[in-house]
Structures are given as structure tokens and as C-alpha cells.
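# Descriptive analysis of the structure
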There are 2 protein chains.
Amino acid sequence: MNPSRPQEFRTAVRPSLRQEVAEAIKSYILDNRLKPGDPLPSEAELCTALGASRSSIREAVKTLAVLDIVEVRRGHGTYVGRLGLSALVEGLAFRGLLSPKDDFRVLAELIEVRELIECGLAERILATLAPEDLDALDGLVDEMDLRGAHDGEGFAACDRAFHERLMEPLGNRLVSQLSLAFWDVYAIVAPHLQGLTAEDEAGTIADHRAIVRAAREGDAQGFVRALAGHYAPVRRRLADARTATGAADATDSGTADTDPAGAEVPEKAASIA
Amino acid sequence: MNPSRPQEFRTAVRPSLRQEVAEAIKSYILDNRLKPGDPLPSEAELCTALGASRSSIREAVKTLAVLDIVEVRRGHGTYVGRLGLSALVEGLAFRGLLSPKDDFRVLAELIEVRELIECGLAERILATLAPEDLDALDGLVDEMDLRGAHDGEGFAACDRAFHERLMEPLGNRLVSQLSLAFWDVYAIVAPHLQGLTAEDEAGTIADHRAIVRAAREGDAQGFVRALAGHYAPVRRRLADARTATGAADATDSGTADTDPAGAEVPEKAASIA
DNA sequence: CGCCATTTGTACGTATGTATT
DNA sequence: CAATACATACGTACAAATGGC
């Protein structure tokens, strides 16, 4: 009945000085057409310019720093941020960590989106992948092979770089960053799960080789199949874990924001540390 | 050569009390398995519990509030946030507003992602759309028609609700929220552009009707075609605007994070307000 | 209705650590 | 090393909003 958005009206009456300051800083960046890395006025200057105290300026700057709109270097100054998706990563990662019972669902959704992005762009990826890109991808798989089981860190880094290199030639910064952001979230959340068998490194390497092979042959269908094969075991493990814990509800169709499962609400919680 | 991530190492040496406090609050939420809406300790309690001053507590809370991990109600208290994607919207919107010359590119990328999501999930959408969903979609288009040109606000709200209803039955909260987040970003950024002809309301309504029709007939290909037809004019306008301003570079292949276009860097900028 | 307790918002002052020059 | 500029952190006081009495 009411198609308007549910939220977004909490402090609309009074924008709260801090938000005004934040908006002023954003306007300053926009009006002066600053680019990432450009210096911003110091806190003291902002105080006098905006007529607010340090507290408000600092809080506002911190909020902008979280959004990667501003970057603060201690003892150096504040600068225009890189406008990345770090906030998305942090927010999604926390969401994933928060619902450990329903956690598998969040991760499953994440994998689904990653697969959707890469498979949906398969044809365009194949069309834009240059021979040097293919060589680079092969090199990354080789490096994964070298790291093997010794260096899990490096192994993961190669995996990330592989998917980065896969999307990069498309020239769409947004999809590249989104894809990597989801990769990061998965890397953060997955280790905190129980019941997930460890990554199968040999299988992962084989999957990536199959992906490169299909790409080299220009076989779009094979490319999609290889990608699906790469994500399939993860999806299966997630599905198994969900059914094992009995936390599965296939026909959810919730409002995607409210959690209907209502347990007791702690009126006053325990110790904090 | 170095496949590790470029950023994320600014204050790794010294986690800066504020971040420690933020982590402590997040841990508190996680350890006590709180849900959105649950109350959190007051700032004073956090001060004594974490042994930090109120300034630090406040700054930490504000950063968490930006990420929608925490919600602050003045004169009331702080509560667990809704864990939405508001940070993504704000960050992407600012990015879009910041590069007005290259702006069309950001919006074009945005549209591409929206189309990718909806088209890539077309078959699954058709499989899960119930008759009542189709009726609701038709009702939304009718409402769009009613609002017409009088109420642009309501028209946009119906458009948003339409795409929301389209994705909702899938049961994947992440894709639903992502889709809507991108819609929001577009709605924020698009009005600030020049050279973009106004939305064609009649055409938009016809597009949505075609989408519902294809969905009702279970025609996946027609569904995808209808969606593409919906986004096509926007893409074309964006492409025209980009070529018109001469800001087009088809074979970009940048690193997706650094802006190679380097102009002069203002050492010290002008007035702020 | 006013009053009051609680809680967050804003302001100011001061001291300390850090990086640059 | 000293001087400077900046960010960090703490403490206190008051203002404003909310909810219950």
C-alpha cells in the first residue's frame, strides 16, 4: 500500500550540527572539485570556518572517514579519501558475523551474488580479455600452485587477484570493486564459521585452470560452467551446513530488512568486555 | 607483482583507541547475540566499562552509526542498527556527485549493474513470482500511471517499489538490498546531472507493463528483453552525454581505484562554506 | 500540565604523541 | 635537537531531547 521507504526519517527535523558539518565538508570537496589525495583544511580551520567546536568537527570527519570520503593521517592532516567500498565490506562482514545461526544464509547469498556477477558478464569478459590478461591469469594460478598449503595467506591473495584480473578488463570500476568487496567479506566471515570444511586447494586450482582454459578458447558456455563448478562446492557446503543446523527456510520471502524471528529482548545486558 | 590488497594498512601499527572501542562495541553485540533494535549501554556506561573518555566513545559510536551497525536516538539511547546498506548508498552517491565530468560513467556503471542483477536472475525471478506478486506489480504500475506527471516523488517511489517487489520473492536479502541501494544512488545522482533529458514517464510505464506481461507469460527471454528495453534509453542518454562532453574512453582498463587523470593539486584551498 | 531523571549533543580547555621542517 | 603543526585523548560543563512521574 505504501510504496515509500520505511526508514530515513529519524532526524530529518533537525539535521544535528555534526551532520551539517559533514555535509559542509562534502560540499567543500564537491565545490572545489577535489580528487582523492587532495588536502583538506585542518580541524582548527574547519572550526573557525564552520563555527563549530572541535568535537563536532571531529565526529563529522570520522563519519566521513568511515565512508572513505575522507582519509585522516595522524600528525599529517586530512585528505580526500579514495571513495572505495570499505564501508560495504565492513558492514556486510559484521552482518555475516552477527547471525552465526543464520550465518550460512548470508554467505550463501554472497556467493550467489559473486556468481551472478561473473557469470552474467561472461560473454563480455571473454570479449575483452586480451592474451596478456590470459597469461597473467595463468601466472596467478601457477603462483597459487606454488604457495600451495604452506602459505594460506598468499594462496588467498592469489585467488583474490585472479578474480580481480578477471573483471578488470571490462573497464567497469563498480563491478570490479563490488566483486572484490564480496570476496573480502567472504574471506572475513568464512573463517569464523563452524561446520565448514576447509578449502580444497587442489580443487580450487583446477577450477581456476578450467576457467582460464575456457576463456582462452572463447567458450562462453564452458566459461560459465567452469565458474559454476568453482562455486558449486562452496554452495553445497553452505547448504549442507544450513540443513544440518536446521536453520533452513526455503520459502522465506521476508521483507528483507526485518527479522521476524523474535526472541527475548534483553532489557539490560551484562558486562561489556 | 604484489597481489595483496593495496589499502587497509593505515593505522595497523596502532589501532587508535577509537577503533578499539568500536571493535569492543561490535564484540559486545556479537558476544551477546543482539538483534537490530536491542538496546546498548549508554555512553556513560561504555566509558566506565571500556575505560575511555566520552569523546572516544562518541566518535566510535558515530562510526558504527554510519555503518548502520548502531542506531543512536537522541535523549533515548543507542541501539543495534538495522545493518542495511545505507553506507554503500551514501558512498556511491558521493562518488557519483564528485566527478561531474566523468559522472556519466559512474551512472552508466550503475545502470549496468542493475541490469546485470535483474537480467541474470530472470529465470529464477520468473520461477518464484507468485500470482499475487504479479497482481501487486500490476497495481504498482497502475499507481505509477495515476501519479503521472503530477507527483514525481510518488512516481519514483512506485518505480522503486516495483523493482523491490520484483526481487523480493527470490528470498535473497542481499540482492534485494543491493538492487534497491543502486536505485537509491541513481535517484540521488541523476538529478544533479546536466544534459540528461528528463525521464520519459509514459515510456517507463509501458516498459514496466511489458516486464509484468512477460513475467505473467513465463517468457524469460521476453522478460530479459523488456528489462533491457527499460534500461536501454537510460544507457543511450548516458552514452550520448559522455560522447558529447568528450569524456569517453571506451578501452579504459584502469586499476579501478586510482584515477590516472592528474590535474593540479591545490596545496591550500580557498574558503570553505 | 510542569517537573525531573536519563541520555545524547555541543562546547571548551588542556595535555600528549607524532610527523614535518 | 628544537620548533611547529596536527591529530589524539581526556575531562568538564552545559544544552537539548525524550520519557515517566
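A few points on the structure.

Cut-off values and rules
Residues numbered from 1 in each chain as written. Chains lettered and ligands numbered in written order. Predicted model: local features only at pLDDT ≥ 70, side-chain atom pairs only at ≥ 80, totals over all residues. Heavy atoms only, no water. Salt bridge = Lys/Arg side-chain N within 4 Å of Asp/Glu carboxyl O. Helix = DSSP H or I, 4+ residues; strand = E, 2+ residues; numbered from the N terminus. Axes fitted to C-alpha atoms, helices over the stretch in contact; angles between N-to-C directions. Parallel < 35°, antiparallel > 145°, perpendicular 65-115°, else oblique. Left-handed = near helix turned anticlockwise from the far one by under 90°. Contact = heavy atoms within 4.5 Å. Nonpolar A, V, L, I, M, F, W, Y, C, P; charged D, E, K, R; others polar. Expected span 1.5 Å × (residues − 1). Buried < 20%, exposed > 50% of the residue type's maximum accessible area, 1.4 Å probe, protein only. Core = buried A, V, L, I, M, F, W, Y, C linked by side-chain atoms within 4.5 Å. Lys, Arg positive; Asp, Glu negative; His and termini not counted.

### A word on the pattern of salt bridges
Applying the stated criterion across every chain yields a total of 41 salt bridges over all chains. Ionic pairing is found between Asp142(B) and Arg209(B), a salt bridge with its closest N-O pair at 2.9 Å. Within this pair, whereas Asp142(B) is found in helix α7 (residues 131-147), its partner Arg209(B) is found in helix α10 (residues 201-217), the two being separated by 67 residues in sequence. Ionic contacts of the salt-bridge type, sharing partners, join the residues Arg18(A), Glu59(A), Glu43(B), Arg54(B), Arg58(B) and Lys62(B) into one network.

### Regarding the packing of helix α1 (residues 16-31) of chain A against helix α3 (residues 54-66) of chain A
Residues and elements named next belong to chain A. One can describe the packing of α1 onto α3 by two numbers: an axis separation of 8 Å at closest approach and a directional angle of 60°. Classified by the interaxial angle, the pair formed by α1 and α3 is oblique. Regarding α1 and α3, the two cross each other, and that crossing is right-handed. Residues Leu17, Arg18, Val21, Ala22, Ile25 and Lys26 of α1 lie in contact with α3, whose contacting residues are Ser56, Ile57, Glu59, Ala60, Val61, Thr63 and Leu64. Here the residues of the contact of α1 with α3 sort into 8 nonpolar, 2 polar and 3 charged.

### Digging into α3(A)
All names here are of chain A. With 13 residues, α3 should reach 18 Å at 1.5 Å per residue; the first-to-last C-alpha distance of 18 Å fits that figure. Among all positions in α3, only Ser56, Ile57, Glu59, Ala60, Val61, Lys62, Thr63, Leu64 and Val66 are buried. Phi turns positive one or two residues past the end of α3, at Asp68, with a value near 65°.

### Describing the nonpolar core
Leu88(A), Phe182(A), Phe223(A), Leu88(B), Phe182(B) and Phe223(B) are the most contacted members of the largest nonpolar core, which totals 106 residues. Every residue in contact with Phe182(A), bar those within four places of it in the chain, is listed here: Leu88(A), Leu92(A), Leu110(A), Val113(A), Arg114(A), Ile117(A) and Leu178(B). With 46 residues, the next largest nonpolar core counts Leu64(A), Phe94(A), Cys47(B) and Val61(B) among its residues.

### Points about the side chain of Glu118(B)
Residues and elements named next belong to chain B. By the secondary structure assignment, Glu118 is in helix α5 (residues 103-120). Buried charge without a salt bridge: Glu118, with Arg114 as the nearest opposite-charge side chain at an N-O distance of 5.0 Å. Residues within four places of Glu118 in sequence aside, it is in contact with Ile125, His163, Leu166, Met167, Ser179, Phe223, Leu227 and Tyr231.

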